[in-house]
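Now for the letters of each chain:
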Amino acid sequence: MTVVTEGVLESRIVAAVKQFGAHGYTVTDARGEGSRGKRSADWEHSRNIRLETICEDEVARAIAQHLRETYYENFAMIIFLSEVEVSRPEKF
Amino acid sequence: METLLNPVILFFVLGVLAGGLRSDLRLPEALYDTLSIYLLVAIGLKGGVELAQTTDPGELVLPAIAAVLIGVTIPPVAYAILRRLGRFERPDAAAIAAHYGSVSVVTFAVAIAYLDRLAVPYEGFVTTLLVIMEVPGIAVGILIARLGARKGSLQIGPLMHELFLGKSIFLLVGGLVVGYVVGPARIGPVEPLFFDLFHGALAFFLLEMGIVTAHRLGDLRRVGTFLVAFGTIMPLFLGMAGAALGALAGLSLGGATILATLSASASYIAATAAMRVTVPEANPTLYLTASLGITFPFNIIIGIPIYFWMASLFL
C-alpha cells in the first residue's frame, strides 16, 4: 500500500498504520504536481511524503478507509493498493 | 534608502529576483534546515547571555504581560476584521488571525540587526518576549476556529507536543537557557560561530526566504486586494499598538521597536503547521500568502523603520 501526502501528516499517518496492524513502513520525501497544485518541496510546508507499507489485504483496506475518511476532504492525498510478492513472507 | 542598503535586505531582494525570474537557484533543503537551526540557536544563545546581564529580573514583568496581552488580543481583532470587512469564511479568517497573533523569528532577527546597525540599545530580555509571543496567538486562533467548528474532536496532546516541543520553541528556549547559565564570561569559545557569523548567516537565509516569497507572489492575484491591504495595514496598526504598549511597560526605544515589530509580524512556520492540522478546511494559500508573501517582505523592508519611528513617538 502506498500513500502520497503532505509532510505535516507524517506522524499521524504512521500512527494510523501501526494502529491498524501493519508491521513496518518506509517513508521517502516526494515532489510532484496534482489537483491541489504543485508540491515542490522547496520549503517546510510544501514537503510531500510517500509512505509505503507491506501488509495483509484487509489491514491495507482498513488503513485506506481510515485515511480516506479523515484526510481526503482537506488534504492532498493519494492512496493506492497493489499486489506484491515478498521474498520473506514470515517478516510480514 | 539607508535601510535598503543593508546587505541582509539586499540578499532578500536578490532571492525574490531569483525566484521571480525563474533562475535555477535553489538552496539545498539540508542547508535551509541547517541555517534555520543555526539562527534559532544563535538568537536563543544571544538572548540568554543578555538575559544573564539583566540586573533586575523584575524589569521583565510588565513587558512580558504586555507581550501576552498583545498575543491573545490580535487573533480576535484580526478575525473580526477578516470576517466583517473581508467576508472570509470562518476557518480562513481564524487561520489567518492565528498567523498574525504569533510572531516571525526572522522578522525579529532583522529588527535586531537593524537596531545593531543604528547602535540603538535594547533590553537584554527581548528574546524572552519573542518566546513568550510564539504560542498564545496560535492557541487563541485554534480556539476561535474550533468554537463554531461543525465536528471532530481535537487531539490536544499531539498538538501541544508539536507547539511546545517543535523545533523553533525548543531551540530558542534551549539556547536561551544555555546562554543564561553560561553567561557572558564563559560564552567566549562559541562566540565566533554564533555571534560573529550571525549577520552573514541571516543574509544567506534571507536569500532562500526571498526565493520562497517570490513563489508566493504569484498567488497575490488569487487572494484578492482585501488580503493585500490587510497584510500591509494590519501590521502598521499592530506595530503602533505594540510601540505604545511597549512604552507603557517601560521599554526603551530599542525595546519598544522590537515589541512593535513582534506585534506586527506574522508567523509562517509554527502557526502554519498548527493551522494545517487543526483547521484543515482553511485554505493554506490564503494564510501563507498573507503572512509570507505580503506581511513578511513588508515588515523587513518598510515596516521595521516605521516601527522604530512609531516607538520614538512614544518615547
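Before reading further, recall that the structure is shown in the block above.
The text that follows walks through the structure, step by step, so that each part is easy to find. (Residues numbered from 1 in each chain as written. Chains lettered and ligands numbered in written order. Predicted model: local features only at pLDDT ≥ 70, side-chain atom pairs only at ≥ 80, totals over all residues. Heavy atoms only, no water.)

**Things to note about the overall build of chain A**
In terms of helices and strands, chain A carries two helices and six strands. Taken from N to C terminus, the helices and strands of chain A fall in the order β-α-β-β-β-β-α-β. Per-residue burial over chain A gives 38% buried out of 92 residues. Nonlocal contacts in chain A, meaning residues at least 24 apart in sequence, comprise 70% of its contacts between residues at least 6 apart. Total accessible area on chain A stands at roughly 5600 Å², and carbon and sulfur atoms take up 45% of it. (Helix = DSSP H or I, 4+ residues; strand = E, 2+ residues; numbered from the N terminus. Buried < 20%, exposed > 50% of the residue type's maximum accessible area, 1.4 Å probe, protein only. Contact = heavy atoms within 4.5 Å. Areas by Shrake-Rupley, 256 points an atom, 1.4 Å probe, with all protein chains shown as cover.)

**Quick word on the packing of helix 6 (residues 126–147) of chain B against helix 13 (residues 253–264) of chain B**
Residues and elements named next belong to chain B. With their axes 10 Å apart at the nearest point, helix 6 and helix 13 run at an angle of 20 degrees to one another. Taken together, the axes of helix 6 and helix 13 are roughly parallel relative to one another. Relative to helix 13, the crossing made by helix 6 is right-handed. Each of Val126, Leu129, Leu130 and Met133 in helix 6 lies in contact with helix 13, whose residues at this interface are Gly255, Ile258, Leu259, Leu262 and Ser263. Tallied by class, the residues present in the contact of helix 6 with helix 13 amount to seven nonpolar, two polar and no charged. (Axes fitted to C-alpha atoms, helices over the stretch in contact; angles between N-to-C directions. Parallel < 35°, antiparallel > 145°, perpendicular 65-115°, else oblique. Left-handed = near helix turned anticlockwise from the far one by under 90°. Nonpolar A, V, L, I, M, F, W, Y, C, P; charged D, E, K, R; others polar.)

**A word on the pairing of strand 5 (residues 48–52) of chain A**
Side chains on a regular strand alternate between the two faces of the sheet. Residue and element names in this part refer to chain A. Where strand 1 (residues 2–6) and strand 5 come together, five bridges link them in antiparallel fashion. The partner of Glu6 across the bridge, within strand 5, is Asn48. By the bridge criterion, five bridges tie strand 2 (residues 26–30) to strand 5 in an arrangement that is antiparallel. Its bridge partner lying in strand 5, Val27 is registered against Leu51. (Pairing = 2+ DSSP bridges.)

**Concerning the interface of chain B and chain A**
Each partner contributes residues to the interface: chain B has 22 residues there, and chain A has 18 residues. Of the roughly 1600 Å² buried at the junction of chain B and chain A (both faces included), carbon and sulfur atoms supply 46%. Viewed at the interface, chain A and chain B are joined by two salt bridges. In this structure, Asp33 of chain B and Arg47 of chain A form a salt bridge, with 3.3 Å as the shortest nitrogen-oxygen distance. For the pair chain B and chain A, the number of links is three residue pairs in polar contact (both at pLDDT 80 or more). Elements that contribute at least two residues to the side of chain B that touches chain A include exactly helix 2 (29–53), helix 7 (156–165), helix 10 (198–217), helix 14 (270–278) and helix 15 (284–314) of chain B. (Buried area = accessible area lost by both parts, 1.4 Å probe. Salt bridge = Lys/Arg side-chain N within 4 Å of Asp/Glu carboxyl O. Polar contact = N/O pair within 3.5 Å; in protein donor to acceptor, adjacent residues only side chain to side chain.)

**Some details on unusual backbone geometry**
All names here are of chain B. Positive phi, normally seen in glycine, also occurs at Arg22, with a value near 55 degrees. Relative to the elements of secondary structure, Arg22 occurs in the loop between helix 1 (7–20) and helix 2. Although it is not a glycine, Ala119 adopts a positive phi angle of roughly 60 degrees. Considering the arrangement of structural elements, one finds Ala119 in the loop between helix 5 (105–118) and helix 6. The class for Ala119 is exposed, based on a relative accessible area of 64%.

**Notes on the side chain of Glu6 of chain A**
Looking at the element boundaries, Glu6 of chain A is found in strand 1. At 2.8 Å, the side chain of Glu6 of chain A forms a polar contact with the side chain of Arg276 of chain B.

**Observations concerning the nonpolar core**
In this structure, Ile96, Val110, Leu202, Leu206, Leu227 and Phe296 of chain B are the most contacted members of the largest nonpolar core, which totals 105 residues. Ranked by the residues each element gives to this core, the list is headed by helix 15 of chain B, at 13 residues. Excluding its chain neighbours within four sequence positions, the residues that come into contact with Leu227 of chain B are Leu82, Phe88, Ile96, Leu286, Ala290 and Ile294 of chain B. Listed in part, the 19 residues of the second largest apolar core include Leu9, Val17 and Val59 of chain A together with Val277 of chain B. (Core = buried A, V, L, I, M, F, W, Y, C linked by side-chain atoms within 4.5 Å.)

**Observations regarding the pattern of salt bridges**
As a working rule, side chains carrying opposite charge can pair if their charged atoms are close by. Scanning the entire structure with this criterion turns up six salt bridges over all chains. Measuring nitrogen to oxygen at the nearest pair gives 2.8 Å for the salt bridge that ties Glu6 of chain A to Arg276 of chain B. Taken together, the residues Glu6 of chain A in strand 1 and Arg276 of chain B in helix 14 connect one chain to another. This pair shows no difference in class: Glu6 of chain A is buried, exactly as Arg276 of chain B is. For Glu52 of chain A, the salt bridge identified is with Arg50 of chain A, shortest N-O distance 3.3 Å. With relative accessibility at 30%, the residue Glu52 of chain A sits in the partly exposed group. The exposure class assigned to Arg50 of chain A is partly exposed, which follows from its relative accessible area of 30%. Residues joined in a network through salt bridges with shared partners are Lys46, Glu50 and Asp116 of chain B.

**Notes on the sheet that holds strand 1 of chain A**
All names here are of chain A. With antiparallel pairing, four strands are arranged side by side in an open sheet as 2-5-1-6. A single partner strand is all that each edge strand has here, and the edge strands are strand 2 and strand 6 (77–80). On average, each strand axis in the sheet is tilted by 15 degrees relative to the strand beside it, whichever way the strands run. The sheet strands contacting helix 1 (residues 10–19) are strand 1, strand 2, strand 5 and strand 6, and the helix crosses strand 5 at an angle near 10 degrees.

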